[in-house]
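Analysis of the macromolecular model
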Amino acid sequence: SFYYGTFPAGFLWGAGSSAYQTEGAWDKDGKGPSIWDAFTHKKGKVFRNETGDSACDGYYKVKDDIQLLKELKVNHYLFSISWPRIMPTGIKTEQLNEKGIQFYNDTINSLLENNIIPIVSLYHWDLPQVLQEKYGGWQNISMINYFNDYANLCFEKFGDRVKHWITFSNPWAVAEKGYETGEHAPGLKLGGCGAYKAAHHIIKTHAKVWHSYNNTWRSEQQGMVGISLTSGWGEPVDPHSQTDRDAAERYIQFHLGWFANPIYRGDYPEVMKNYVGRKSAQQGLGTSRLPTFSVQEKTYIKGTSDFLGIGHFTTRYVLQKSFPFLQVSSYHTDRDLAELVDPKWPAPGPKWLYSVPWGFRRLLNFIKTQYGNPLIYVTENGVSEKVQCTQLCDEWRIEYLKGYINEILKALNDGVNVKGYTAWSLLDKFEWNKGFSERFGFYHIDFKNKNKLRYPKASVDYYKKIISANGFPNPREVENWYRKAMDTCSTTHQLLATDSLITHMEMVTEIVLPTVFTLCILISIVLIFYLRNHS
């Protein structure tokens, strides 16, 4: 049932994005290549071979996008810094890029001038390509010190104004999709070991950066350092079956617990250690494929988060499914489970993203119970559409946001310590291996138009109303928001249609007319030549 009420005073509302997905300017002003530049430039890696080379042209449109944030009336903006934009090779002693540093200084200053709090992620997947080529990226322990140098440079240059730092955004995807399945950059398929090794180094790196901030910068800058973990919720298919309940628990522990447990409790979840250990032994391996932390490392890592960032999109039903140990080992078969969905769940966008709001409240309560009720900021939550035609009247996104934000309100009443919400995302943008085929934005972008104009969807108006009311005051008002939002999108649709027509005419002018003109000249020359010969 829907719960009408408001959020506590001071609750933060925001929107988010990431560097590679929006900035473009991949090789401009001294920026070095990232693993995503290298990955997308190989044919067959991304849908339609699309790249983030220009993306949303966010590098050139910062001021415009900050005006959109003002229009949304958000309190904060979550964005990421591109490591190779400020440190082209990823190595501090080799080269710093002052133009890149200036770009982020200007962005932060402009946000603050508009009373928008910057929440900054140090890593949203765009590792400098040089570090991948030289050292194998997150497979190599040397990343810990290189990343720590980079983080300290950011604290030094921006920490006087940035008070909320995220070390890593969704490291699960970095490890699993980058080093296990190879769906994401750097595209390695190191089955059974690669993801665990990458995650191990990322967790140690996070802890080192937290300690660096704590020892060197905290007293002066008075900021906070956390991590952003993305996780679905796993619900047992049969809640009365112990095997299904155990499988659902494993689903969460192998996803969220993989990173959260070491940070909040000092080690990997017991169930992960048991399952990966047993399967490694069955393979005849002398040691587990899941690396171990020393006693000193456990102590060093435990407690290294001032807040927990949570990304959440969807839910799965989970049941027990045994995988024979003769099969090739992988992170997925280690878990001994199968995932199901309810065909009645709405799925407006891609096949993986079903709208299941009640799973969010359960996930938040799980975090409260498991990790000692930490301070939580929701760092990513949203839904995409996967359609070829332009859809500005995104009523499914309105329903999704309404449902999921309402579950946060219920979780607050359960005593969960949530302090802010970040809708994902501000703009339609480059969606990794899906290219531009999935659209998460509040603002539509016509990527075929060289000007990359931004058009508000109906959800902009609706989210703005939630922020202004700080929640859901009463049924009549909330219903009224929906009607007004749908009215505004009809007008915007007409504007977009007109602009598209103008763009089409410009293309005709730019391409067709010169072609026709050239053809006329060629025909004239041929005719003159022909007439001369005949005369």
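Here is what the cut-offs are and how they apply
- Residues numbered from 1 in each chain as written.
- Predicted model: local features only at pLDDT ≥ 70, side-chain atom pairs only at ≥ 80, totals over all residues.
- Heavy atoms only, no water.
- UniProt positions renumbered as here; feature names shortened; annotations may be inferred.
- Helix = DSSP H or I, 4+ residues; strand = E, 2+ residues; numbered from the N terminus.
- Rg over C-alpha atoms; globule rule 2.2 N^0.38 Å.
- Buried < 20%, exposed > 50% of the residue type's maximum accessible area, 1.4 Å probe, protein only.
- Contact = heavy atoms within 4.5 Å.
- Areas by Shrake-Rupley, 256 points an atom, 1.4 Å probe, with all protein chains shown as cover.
- Lys, Arg positive; Asp, Glu negative; His and termini not counted.
- Charge placed at Lys NZ, Arg CZ, Asp CG, Glu CD.
- Pairing = 2+ DSSP bridges.
- Axes fitted to C-alpha atoms, helices over the stretch in contact; angles between N-to-C directions.
- Disulfide = S-S within 2.5 Å.
- Phe/Tyr/Trp six-rings, centres within 6.5 Å; stacked < 30°, edge-to-face > 60°.
- Patch = residues over 30% accessible without salt bridge, like charges linked within 9 Å, V, L, I, M, F, W, Y side chains within 5 Å.
- Salt bridge = Lys/Arg side-chain N within 4 Å of Asp/Glu carboxyl O.
- Left-handed = near helix turned anticlockwise from the far one by under 90°.
- Expected span 1.5 Å × (residues − 1).
- Bend = angle between axes of the 7 residues up to and from the residue.

Named according to an unreviewed UniProt entry, the chain is Cytosolic beta-glucosidase originating from Cathartes aura. Quoted verbatim from the Sequence similarities (unreviewed entry) field of the UniProt record, the comment on the chain reads "Belongs to the glycosyl hydrolase 1 family. Klotho subfamily."

With that settled, the discussion passes to the overall build of the chain. Each helix and strand counted, the chain has 17 helices and 15 strands in total. Its C-alpha atoms give the chain a radius of gyration of 25 Å, near enough to 24 Å, the size a compact globule of 535 residues would have. Taking all 535 residues of the chain together, the buried fraction comes to 58%. Residue pairs in contact within the chain that sit at least 24 positions apart in sequence constitute 76% of those at least 6 positions apart. Summing over all exposed atoms, the chain offers an accessible surface of approximately 22,000 Å²; the carbon and sulfur share of this is 56%. Taking the 59 positively charged and 54 negatively charged side chains of the chain as two groups, their mean positions are separated by 2 Å.

Glancing now at the sheet that holds strand β9 (residues 315-320). Reading across the sheet, the three strands line up as β7-β9-β10 and stay open at both edges, with mixed pairing between neighbours. Whereas interior strands pair on both sides, the edge strands pair on one side only; in this sheet they are β7 (233-236) and β10 (337-340). With strand direction ignored, the average angle separating the axes of adjacent strands in the sheet is 40°. Two strands pair when backbone bridges link them, and β7 and β9 are joined in this way by four bridges, in the parallel orientation. Bridge pairing links E235 to Y317 in β9. Along the sheet, helix α10 (residues 242-265) makes contact with β7, β9 and β10, crossing β9 at roughly 130°. Sitting on the sheet, helix α14 (residues 358-370) touches β7 and β9, and the angle it makes with β7 is about 100°.

This part takes up the pairing of strand β5 (residues 164-169). Counting buried residues along β5, six of its six residues qualify, which places the element largely inside the surrounding structure. Here strand β4 (residues 117-121) pairs with β5 via three bridges, running parallel. Paired with I119 across the strands is H164, a residue of β5.

The next subject is the state of the cysteines. The final tally for this structure, using the stated rule, is one disulfide. The disulfide partner of C393 is C489, and the S-S distance across this bridge is 2.0 Å. Note on the C393 and C489 pair: the S-S dihedral is about 105°, so by sign convention the disulfide is right-handed. Pair noted here: C393 is in the loop between β11 (376-380) and α15 (395-413) and C489 is in helix α17 (residues 475-534), with a separation of 96 residues, a long-range link.

Taken as a whole and assessed by the stated rule, the structure comprises 55 aromatic pairs. Seen from their ring centres, Y20 and W432 are 6.1 Å apart, and the 25° between their planes marks the pair as stacked. Of this pair, Y20 sits in helix α1 (residues 19-22) while W432 is found in the loop between β12 (418-424) and β13 (443-445), placing the two residues 412 residues apart along the sequence. The exposure class assigned to Y20 is buried, which follows from its relative accessible area of 6%. With a relative accessible area of 6%, W432 lands in the buried category. Centroid distance F103 to Y104: 4.8 Å. Interplanar angle 70°. Geometry classified as edge-to-face. You can call Y104 buried: its relative accessible area is 1%.

Here the UniProt-annotated "active site" (unreviewed entry) positions come out as E380. When you line up the elements, E380 lands in strand β11. Here E380 is in contact with H124, T230, I310, G311, H312, F313, T422 and W424, once residues within four sequence places are set aside.

A contiguous nonpolar surface patch, about 790 Å² in accessible area, is contributed by L519, I521, L522, I523, I525, L527, Y530 and L531. Tracing the sequence through the fold places L531 in helix α17. With a relative accessible area of 54%, L531 lands in the exposed category.

What follows concerns the pattern of salt bridges. For the coordinates displayed, the defined rule picks out 29 salt bridges. For E23, the salt bridge goes to R85, with nearest N and O atoms at 2.8 Å. Separated by 62 residues along the polypeptide, E23 in the loop between α1 and α2 (35-40) and R85 in helix α4 (residues 83-86) bring together distant segments of the chain. Accessibility assignment for this pair places E23 and R85 in one class, buried. Put simply, E235 and R362 hold a salt bridge, and the shortest N to O gap is 2.6 Å. Within this pair, whereas E235 is found in strand β7, its partner R362 is found in helix α14, the two being separated by 127 residues in sequence. What makes E235 buried here is its relative accessible area of 12%. With relative accessibility at 38%, the residue R362 sits in the partly exposed group. Residues participating in the shared-partner salt-bridge network are E385, D394, R397, D428, R439 and K457.

Our next topic: the packing of helix α8 (residues 171-179) against helix α9 (residues 194-221). For the pair α8 and α9, interaxial distance at closest approach is 8 Å and the crossing angle is 145°. With respect to the hand of their crossing, α8 and α9 are arranged in right-handed fashion. Contacts between α8 and α9 involve P171, V174, A175, E176 and Y179 on the former and, on the latter, G194, A195, A198, A199 and I202.

Right, let's get into the side chain of Q139. One can find Q139 in the loop between α6 (129-135) and α7 (143-158). Excluding its chain neighbours within four sequence positions, the residues that come into contact with Q139 are Y179, L190, G194, K197, A198 and H201.

Attention shifts here to α10. For α10, with 24 residues, the first-to-last C-alpha span of 25 Å runs short of the 34 Å given by 1.5 Å per residue. At G257, α10 shows its strongest bend, of approximately 70°. Counting buried residues in α10 gives 18 out of 24 residues, a clear majority hidden from the surface. G266 occupies a position one or two residues after α10 and carries a positive phi of about 95°.

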